[in-house]
Amino acid sequence: MSILLEQVSKGYASNQAVVNNLSLEIETGELFVLLGASGSGKSTLLRLIAGLLPLDKGRIWLHGREVTNLSPQQRNTGFVFQSYSLFRHMTVAQNIAFGLSIKRAGRAEQDARVKELLNLIQMEGLGDRMPHQLSGGQQQRVALARALAPEPEVLLLDEPFGALDAKIRVQLRQTLREIQRRLHVTTILVTHDQDEAFELADRIGIIEKGDLLEIGTPGELYRRPRNRFTATFLGSANLLPAHRNSHHIFVGEARLPAPPDSEHLQDQPVEILFRPEEISLAPTAETPSETVIGRGVVQEATFAGPLERVLLKLNRESNGEKAQLLQALLSPSEAQQLGIKPGQEVWVGLKNYHLLARVS
Amino acid sequence: MTASPLVDVAQRAQNTGNAAARPPIPWGAWGLRGAALSYLGLLILLPVLAISVQGFRAGWESFWTSITRPAVLHAVGLTLWTSAVMTVINTVMGVLTAWALVNYRFPGKRIMNALIDLPFAIPALVTGVMLVLLYGPQTAIGGFFEKQLGVRIIFAPPGIVLALLFISYPFVIRAVQPVLQSLEPNQQEAAQVLGASPWVAFRRVILPEIAPAVITGALLCFARALGEFGSIIIVGGNLPMKSQTAAVYIYAQVEGDNFQGASAVSLVLLVIAFSITLGVDFLMRRRHHA
């Protein structure tokens, strides 16, 4: 176990917990992404691990060594800030060598390590540049090299790509993933960007209001979330109230077979979750009847890059319930076949779905 | 040039007869430059010229005699060392204060920030009176220092240093504060995570960034202190060879109608102050080019 947090709590002066009794275990070499909205406490948690903030309660171990009461300089972590925070009066090489020079490493050792890292971040020959001569993406790569130079036990990244253009961000993610795999350094990355989390993470932890709601691989959290917040925070989600008996789910008038992993939700109020891409539309009711959940009216259809985004109003004829809006994603050929246009009536079927406990 | 062809044609029509169409003389721009230069000349250079003429009127030798009198040497020496001591103290405390104001939150911070400029607003004479009331030999504090420690504050160099500390208090703070604010965030933290103690992080990461501002502030402090008169005439009095600074000496010469002596010593102060101004200018330039 590389990083172990035990019931860590931190509140600020306002007395509201920013990190609330949080426990977490991260494996050696794992790239763990803490995903949350701004103000969820994710950056605070990272600062607690680095020792940049004192914690109120709990304990922290890094590689089996308790660091709860150690200062940042005793913890041997690497930290990358969103704002790069390079030392402006030092060259790229001096920035990278800073950690080693603090530890009084020899000149030759420093030079060799700087060269190695410049190579790793694909910036060979730029060691003599000043930070202000570099692009944002280059600056952040130098910041990464600077953090890695003293061979930290743990690498902590606080929204490292937040200040960069979309295109550079995608490139840098790949660079980071490669470097992290090669060095096998245990890493926590904090972000609010779910694409980033999906692309980079071995596991994702969803954090909200200082609570760690759910941990899982990207696929698990997307397809089988246990938590409503996770379901809606990761991607778009259609959620409808439903009821499950021993074998079936009832959504309004419709009856669907119950998914096998939902036995614990039998006879409880549940919600059925399906993603926009899990909806199929048909002009008549003749699609496989098991998965049809009702008839809908197309509200609008918009271009969304490789797919068409369709907004539907689901007419649930029974119960006098309010009509529900659903989001669907169709391939352009599907949309063309159906001749999707506002006002059109379609039958709504589900290719796939998942059940969540309903919290009232 | 993006002038429309129509204007061009109109101008050419006006200039018919001229071999080459000359651009009109920018009277406004030259006028402004001329005004600025004449203003500088009238306000600054003319008086400096006057005092130079007066100082050297009786020749180089009497100028030299005027500035090598024991009273003058003592006065200039006293001025320089009290200003230097004050500058060291105010530089250290100014950097500390600026650091606290930028990096910490504490009750009363806004009021403190507003109070820092107060010495600029208080008349120097009032400063002197305040210090005499606080540290004079008849007061509790002044009495304690004089009787228990044998240190005289008022009418002595310590009082002069106190007065200078007060009047020059804002310079370093106000020079360093904006530079600290403009530093990229997390610099100190980045250094600490890399293994630096808070002090090493400050020395190796923050100090190089703020050094030009610190030196600028210190030089301004020093230059301001060289010419201080109002508070020192009250706090130090006018005791030759004891508590008479250069500015007070000049005042005494003017009182005694010795304009040549006053001018000669004034020129010495002018040369020192001007060198400092040049130094500040050089540092500012370097900061902007960095």
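Residues numbered from 1 in each chain as written. Chains lettered and ligands numbered in written order. Predicted model: local features only at pLDDT ≥ 70, side-chain atom pairs only at ≥ 80, totals over all residues. Heavy atoms only, no water.

Caption draft 1: Quick look at the overall build of chain A. On a plain count of helices and strands, chain A comes out with 9 helices and 20 strands. In terms of principal-axis extent, the alpha carbons of chain A reach across some 75 × 45 × 35 Å. Burial status across chain A gives 51% buried among its 360 residues. When contacts within chain A are restricted to residue pairs at least 6 apart in sequence, those whose partners lie at least 24 apart make up 67%. (Helix = DSSP H or I, 4+ residues; strand = E, 2+ residues; numbered from the N terminus. Buried < 20%, exposed > 50% of the residue type's maximum accessible area, 1.4 Å probe, protein only. Contact = heavy atoms within 4.5 Å.)

Caption draft 2: Quick look at the domain arrangement of chain B. Residue and element names in this part refer to chain B. If you check the domain split of chain B, you get domain 1 (27–56) and domain 2 (59–289). The straight-line distance from the C-alpha centre of domain 1 to that of domain 2 is 29 Å. Listed per partner, the contact involves 6 residues of domain 1 and 10 residues of domain 2. Buried area between domain 1 and domain 2, summed over both chains or domains, comes out near 680 Å², and the portion from carbon and sulfur atoms is 74%. Considering only the side of domain 1, the residues that lose the most area to domain 2 are Ile-51, Gly-55 and Phe-56, jointly responsible for 72% of the buried surface there. At the boundary of domain 1 and domain 2, one finds 0 salt bridges. The interface formed by domain 1 and domain 2 contains 2 residue pairs in polar contact (both at pLDDT 80 or more). For the side of domain 1 that touches domain 2, a count of residues per class yields 3 nonpolar, 3 polar and no charged. (Domains from an automatic or database assignment. Buried area = accessible area lost by both parts, 1.4 Å probe. Salt bridge = Lys/Arg side-chain N within 4 Å of Asp/Glu carboxyl O. Polar contact = N/O pair within 3.5 Å; in protein donor to acceptor, adjacent residues only side chain to side chain. Nonpolar A, V, L, I, M, F, W, Y, C, P; charged D, E, K, R; others polar.)

Caption draft 3: Summary view of the domain arrangement of chain A. Residues and elements named next belong to chain A. As assigned here, chain A comprises domain 1 (3–227) and domain 2 (236–357). The C-alpha centroid of domain 2 is placed 40 Å from the C-alpha centroid of domain 1. Taken together, the contact between domain 1 and domain 2 spans 7 residues of the former and 6 residues of the latter. With both chains or domains summed, domain 1 and domain 2 bury close to 530 Å², and 48% of this area falls on carbon and sulfur atoms. It is Tyr-222, Arg-224 and Pro-225 in domain 1 that bury the most area against domain 2; as a group they hold 73% of the surface buried on that side.

Caption draft 4: Quick look at helix 3 (residues 107–120) of chain A. All names here are of chain A. In a regular helix each residue adds 1.5 Å, so 14 residues correspond to 20 Å; helix 3 covers 20 Å between its end C-alpha atoms and thus fits that length. Where helix 3 is concerned, the buried positions are Gln-110, Arg-113, Val-114, Leu-117, Leu-118 and Leu-120. Seen end-on, helix 3 carries its buried residues on one side only, within an arc spanning 150°. In helix 3, the exposed positions that point more than 90 degrees away from the buried face belong to Ala-108 and Lys-115. In this structure, the buried side of helix 3 is in contact with helix 2 (92–102), helix 4 (136–148) and helix 5 (166–183). Phi turns positive, to about 55°, at Gln-122, one or two residues after helix 3. (Expected span 1.5 Å × (residues − 1). Arc of directions from axis to C-beta.)

Caption draft 5: The arrangement of the packing of helix 4 (residues 70–103) of chain B against helix 10 (residues 169–182) of chain B in detail. Residues and elements named next belong to chain B. Where helix 4 contacts helix 10, the axes come no closer than 8 Å and their chain directions differ by 40°. If you check the angle between helix 4 and helix 10, you find them oblique. Crossing geometry of helix 4 relative to helix 10 is assigned as right-handed. Facing Asn-90, Thr-91, Gly-94, Val-95, Thr-97, Ala-98, Trp-99, Leu-101 and Val-102 of helix 4, the residues of helix 10 in contact are Tyr-169, Val-172, Ile-173, Val-176, Gln-177, Leu-180 and Gln-181. (Axes fitted to C-alpha atoms, helices over the stretch in contact; angles between N-to-C directions. Parallel < 35°, antiparallel > 145°, perpendicular 65-115°, else oblique. Left-handed = near helix turned anticlockwise from the far one by under 90°.)

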